[in-house]
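What the coordinates show
The residues making up each chain are set out below.
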Amino acid sequence: MIKIGSLQLENWLIMAPMAGITNLPFRLMVKRMGAGLVSTELISAVGLSLNNKRSLIYLRSLPEEKPLAVQIFGTEPQTMAIAARIVIESGADLVDINMGCPVKKVSKTGAGSGLLRDLKNLEKVVSAVRQACDVPLTVKIRTGWSPDKPVACEVARIVEDCGADAITLHARFVTQKYSGRADWDMIGRVKSKVKIPVIGNGDVREPLHAIEMKAQTGCDGVMVGRAAIANPWIFRQVLQLDKGFPIETPDLTERRALIMSHFSLLSDFMGEHKAALSMRGILLRYTKGLAHSSRFREEITKIKDSESLISILDEYFAFLARLES
Ligand SMILES: Cc1cc2nc3c(=O)[nH]c(=O)nc-3n(C[C@H](O)[C@H](O)[C@H](O)COP(=O)(O)O)c2cc1C
C-alpha cells in the first residue's frame, strides 16, 4: 500500500506516463488489469495556459480510471502553477511534474529533463506548483543529466523541502535516453535521503522484476513503463506473485476479449474508423510472441473498419486455437 499525500492507492503499482501510449483507453485497460495509479502523458503547461485544444484533449477522463495523475511540463514557474490549476479543475487527483523528458525540443527550453541542469529554477517550479495545488503533488526525475553529475539525491531533498508528496526516479541519466541499464542502487539511495514515498522506475520487464525492485531498493511504489505496452496484464501478474499465487497469462479467449475491449474503448474515444486504424499497431503488441504472428502482421495492414478487424482477428485466433487442440 502506498499513500501519496492524502491519496491512498489500492496497491503499489503505477503505470508510467507515456507519450502516445497512455491515452484514456489504454489507461482504462491497465486500470482494469490492476494498476493502482494511472497517468496522462506529459502535457505542455504553455499549451494548457493558452487553452490549446490538443493539450485539453489529454485531460479527457472517466470515473473508472480514478485516481488520475496528470503530468505537466514546462519551465516557467507561474505558467506551471496556472497549468496545475487548470488540470485540477478538470479533475486531476494528483499533479505530476515531468523532469525526465529527454526530447531535445523540450529539454533545450529548460523544461522536462532540462530542469535537472538548473536546480534553482527546478526549486522555483516545484514551489510555485505546490502553492497552486491542493491535490497531491509528485515529481518524476531521472538520475541526472549525465553520469558525471548524478543529482537525484539532491533533487529529491529539494522537492521534499518544497512540499512534494512523492518522487519518482527513472534510474537512468538523460544522456542514456531509454537504453542501458537502470541503476536500481540509486533508487535505494534516494529512498534513504527522504521521508516522502519514493517510486522506483526503470527496467521492470517482467512481473518478478517489480517484486525485486521493491525488495532491493526499499521503494514504496514501482512504476512500469514499456513492459505494460504489450502486456497490460503485467499488473495483475505482479499482484498475483506478491500474494504468492501462480501467475496467469491470458488464454486465447481472454486475449481476444481484451483486444475487443480496447477497440471498443478506442472507438468511444476517437470514433470507429480512427480506432480501427489505431488497432493495427495495438494488435502487433497484443499478439507479440504468439505463433505465426508474421503472417498475421501482414493481414493487420488491411484493417480499415470494425468488420475487417473482427474477421482478421477471428481467422488468426481460430488458427491459433486449432494449433492448441
Ligand atoms: C514511448 C515513450 C513515451 C514516454 N513518455 C513519457 C512521458 O510522457 N512522461 C514521462 O514522464 N515519461 C515518459 N516516458 C518514460 C517512461 O515513463 C519511463 O520512465 C521509462 O520508459 C522507463 O521505464 P520502463 O523501463 O519501465 O519502460 C516515455 C517512455 C517511452 C518509451
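Under the domain assignment used here, the protein chain contains domain 1 (3–242) and domain 2 (252–324). For domain 1 versus domain 2, the separation of C-alpha centres amounts to 31 Å. Each partner contributes to the interface: domain 1 provides 15 residues, whereas domain 2 provides twelve residues. Buried surface at the junction of domain 1 and domain 2, summed over both partners, amounts to about 1300 Å²; 70% is from carbon and sulfur atoms. Taken as a group, Pro-25, Met-29 and Trp-233 account for 38% of the area that domain 1 buries against domain 2, more than any other trio of residues on that side. At the boundary of domain 1 with domain 2, the tally comes to one salt bridge. Its salt-bridge partner being Glu-254, residue Arg-236 comes within 2.7 Å of it at the nearest N-O pair. Here domain 1 and domain 2 share two residue pairs in polar contact (both at pLDDT 80 or more) between them. At the level of elements, α1 (24–32) and α10 (227–230) are the ones that each hand at least two residues to the side of domain 1 that touches domain 2. A per-element tally of the side of domain 1 that touches domain 2 places α1 first, with six residues.

The full count for this structure, using the stated rule, is three aromatic pairs. Judged by centre distance (6.2 Å) and plane angle (25 degrees), the rings of Trp-233 and Tyr-286 are stacked. Remark: Tyr-286 occurs in helix α13 (residues 272–286) and Trp-233 occurs in the loop between α10 and α11 (234–242); sequence separation between them is 53 residues. Taken individually, Trp-233 and Tyr-286 each receive the classification buried, so the pair is uniform in this respect. For the ring pair Phe-296 and Tyr-316, a centre distance of 4.1 Å and an interplane angle of 10 degrees mean the geometry is stacked. In this pair, Phe-296 is assigned in helix α14 (residues 293–300) and Tyr-316 in helix α15 (residues 306–324), connecting sequence segments 20 residues apart. One exposure class covers both Phe-296 and Tyr-316, and it is buried. Put simply, the rings of Phe-296, Tyr-316 and Phe-317 pair up and form one aromatic cluster. The lysine or arginine in question, Arg-142, covers the ring of Tyr-178, its NZ or CZ lying 5.1 Å from the ring centre. The ring of Trp-12 carries the charged tip of Lys-214 above its face, separated from the ring centre by 4.9 Å.

Right, let's talk about the site of the ligand for a bit. Taken together, the neighbourhood of the ligand is formed by 18 residues, with Pro-17, Ala-19, Gln-71, Asn-201 and Arg-226 sitting nearest. A distance of 2.8 Å separates an oxygen atom of the ligand from a polar backbone atom of Pro-17. Arg-226 is positioned such that a nitrogen or oxygen atom in its side chain is 2.7 Å from an oxygen atom of the ligand. When the free accessible area of the ligand is taken as 610 Å², the share hidden by the protein chains comes to 87%.

With that settled, the discussion passes to the side chain of Ser-107. Relative to the helices and strands, Ser-107 resides in helix α5 (residues 104–107). Using a relative accessible area of 7% as the deciding quantity, one classes Ser-107 as buried.

The next point concerns the pairing of strand β10 (residues 221–224). The alternating pattern of β10 places Gly-221 and Met-223 and Val-222 and Val-224 on opposite faces, both of which are buried. Sheet analysis places strand β3 (residues 13–15) next to β10, joined by three bridges and oriented parallel. By the bridge assignment for β10, Ile-14 is matched with Met-223. In terms of strand pairing, strand β9 (residues 198–201) meets β10 through three bridges, oriented parallel.

Turning to the environment of Lys-191, a few remarks are in order. Locating Lys-191 in the fold gives a position in helix α8 (residues 184–193). When neighbours within four sequence positions are excluded, Lys-191 is seen to be in contact with Val-198, Thr-217, Gly-218, Cys-219 and Asp-220.

This part covers the sheet that holds β9. Strand order in the open sheet formed by eight strands is β3-β10-β9-β8-β7-β6-β5-β4, with parallel pairing between adjacent strands. Edge positions in the sheet fall to β3 and β4 (38–44), since each of these pairs with one other strand and no more. When the angles between neighbouring strand axes are averaged without regard to direction, this sheet yields 25 degrees. Where β4 and strand β5 (residues 68–73) come together, five bridges link them in parallel fashion.

Glycine aside, the phi torsion of most residues is negative, and most peptide linkages are trans. The linkage connecting Lys-66 with the following residue, Pro-67, adopts the cis geometry, with an omega of 0 degrees. With respect to the helices, strands and loops of the structure, Pro-67 is situated in the loop between α3 (53–57) and β5. Of note in this structure, His-292 is not a glycine but carries a positive phi near 50 degrees. When you line up the elements, His-292 lands in the loop between α13 and α14.

This part takes up the nonpolar core. Of all hydrophobic cores here, the largest spans 84 residues; its most connected members are Val-95 and Leu-122. The element that contributes the greatest number of residues to this core is helix α7 (residues 152–161), accounting for six residues. With 30 residues, the next largest nonpolar core counts Leu-24, Trp-233, Phe-263 and Phe-296 among its residues.

Here is what the cut-offs are and how they apply
Residues numbered from 1 in each chain as written. Predicted model: local features only at pLDDT ≥ 70, side-chain atom pairs only at ≥ 80, totals over all residues. Heavy atoms only, no water. Domains from an automatic or database assignment. Contact = heavy atoms within 4.5 Å. Buried area = accessible area lost by both parts, 1.4 Å probe. Salt bridge = Lys/Arg side-chain N within 4 Å of Asp/Glu carboxyl O. Polar contact = N/O pair within 3.5 Å; in protein donor to acceptor, adjacent residues only side chain to side chain. Helix = DSSP H or I, 4+ residues; strand = E, 2+ residues; numbered from the N terminus. Phe/Tyr/Trp six-rings, centres within 6.5 Å; stacked < 30°, edge-to-face > 60°. Buried < 20%, exposed > 50% of the residue type's maximum accessible area, 1.4 Å probe, protein only. Lys NZ or Arg CZ within 6 Å of the ring centre and 35° of its normal. Near = heavy atom within 4 Å. Areas by Shrake-Rupley, 256 points an atom, 1.4 Å probe, with all protein chains shown as cover. Pairing = 2+ DSSP bridges. Axes fitted to C-alpha atoms, helices over the stretch in contact; angles between N-to-C directions. Core = buried A, V, L, I, M, F, W, Y, C linked by side-chain atoms within 4.5 Å.

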